[in-house]
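Summary of structural features
Single-letter residue listing:
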Amino acid sequence: MNDFNDYIKKRINEGYLCNICADIANNAKSKKEFMDMVLCSGGISWLQEMQIKDRGLSYDIMRNHFKDYINGKYIAYFPNCNNSKIYTGALYMDITDKLDITTNYVTLFNCQCEINIPENIIVTMCIDKNCDVMINCPENSRCKIECYGNAISSSNNVKIIWYGVKDKRINNSL
């Protein structure tokens, strides 16, 4: 946990965390609280942005320190003021099989897989430069893909947004 605490403190000092996230990070008392911060709607893209700025959390830290919180073992739930679920978030890493997405926000690291989006869901997916994924999204669902670095995505029925270097082509045919 010390590696992660040091990482967060460096990002705060460098100005890479907004005041709200910096307060959450400074006051977090568990890995779950840190994961809730990075799996919120802004956190999933923040992790990816740090990777392309060479300020990313190492894969080893994610694998070793947060193994109980990745690859579907933990789903973050973000409630509204009535405590009903508004949206969910998850982090996946090193997936090489098929992956069925059930959350609204997803961030992927080092995945080479086929991803299935279920019916009637809206998903925002952030993928890193070490991902090569095929995304199956039904017509009545929506998926926004944010590609960071040299990520490769081949998809149907999705809106694709590029961040970082765009030097690889994607096949968007239906």
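Residues numbered from 1 in each chain as written. Predicted model: local features only at pLDDT ≥ 70, side-chain atom pairs only at ≥ 80, totals over all residues. Heavy atoms only, no water.

**Brief notes about the side chain of Asp36**
Note that Asp36 resides in helix α3 (residues 31-38). A relative accessible area of 18% means that Asp36 is categorised as buried. When neighbours within four sequence positions are excluded, Asp36 is seen to be in contact with Tyr74, Ala76 and Phe78. (Helix = DSSP H or I, 4+ residues; strand = E, 2+ residues; numbered from the N terminus. Buried < 20%, exposed > 50% of the residue type's maximum accessible area, 1.4 Å probe, protein only. Contact = heavy atoms within 4.5 Å.)

**Considerations on the packing of aromatic side chains**
Aromatic ring pairs are defined here through the distance separating the ring centres and the angle between the ring planes. Summed over the entire model, instances satisfying the criterion amount to four aromatic pairs. With a centroid separation of 5.3 Å and 70° between ring planes, the pair formed by Tyr69 and Tyr74 is classed as edge-to-face. Assigned by exposure class, Tyr69 and Tyr74 land together as buried. Considering the side-chain rings of Phe78 and Tyr87, the 4.8 Å spacing of their centres and the 20° angle between planes classify their relative orientation as stacked. Grouped by ring-pair contacts, the aromatic residues Phe78, Tyr87 and Tyr105 constitute a single cluster. (Phe/Tyr/Trp six-rings, centres within 6.5 Å; stacked < 30°, edge-to-face > 60°.)

**Quick word on the pairing of strand β7 (residues 132-136)**
Burial along β7 is one-sided: the residues Val133 and Ile135 are buried and none of Asp132, Met134 and Asn136 is. With five bridges connecting them, strand β5 (residues 112-116) and β7 associate as parallel partners. Within the sheet, the bridge partner assigned to Gln112 lies in β7 and is Asp132. (Pairing = 2+ DSSP bridges.)

**Details of the pairing of β5**
With burial as the criterion, only one face of β5 is covered, namely that bearing Cys113 and Ile115; the residues Gln112, Glu114 and Asn116 on the opposite face remain uncovered. Two elements, strand β3 (residues 99-100) and β5, share two bridges in a ladder whose sense is parallel. Paired with Leu99 across the bridge in β5 is Ile115.

**Brief notes about the state of the cysteines**
Going through the model one piece at a time under the given rule, you end up with zero disulfides. Cysteine Cys143 remains unbridged, with the sulfur of Cys137 as its closest cysteine sulfur at 5.4 Å. Residue Cys143 is classed as buried on the basis of its relative accessible area of 4%. (Disulfide = S-S within 2.5 Å.)

**Thoughts on the pattern of salt bridges**
Pairing of side chains with opposite charge becomes possible as their charged atoms draw close. The final tally for this structure, using the stated rule, is four salt bridges. The salt bridge involving Arg63 is made with Asp60; its shortest N-O contact spans 3.4 Å. Here the residue Arg63 and the residue Asp60 both occupy positions in helix α5 (residues 59-65), the gap between them amounting to three residues, near one helical turn. Exposure remark for Arg63: the relative accessible area of 28% places this residue in the partly exposed category. By relative accessible area, which is 48% here, Asp60 ends up partly exposed. A salt bridge links Arg63 to Asp94, with the shortest nitrogen-to-oxygen separation between them at 2.6 Å. Of this pair, Arg63 sits in helix α5 while Asp94 is found in the loop between β2 (85-93) and β3, placing the two residues 31 residues apart along the sequence. Given a relative accessible area of 30%, Asp94 falls into the partly exposed group. Connected through salt bridges with shared partners, the residues Asp60, Arg63 and Asp94 form a single ionic network. (Salt bridge = Lys/Arg side-chain N within 4 Å of Asp/Glu carboxyl O.)

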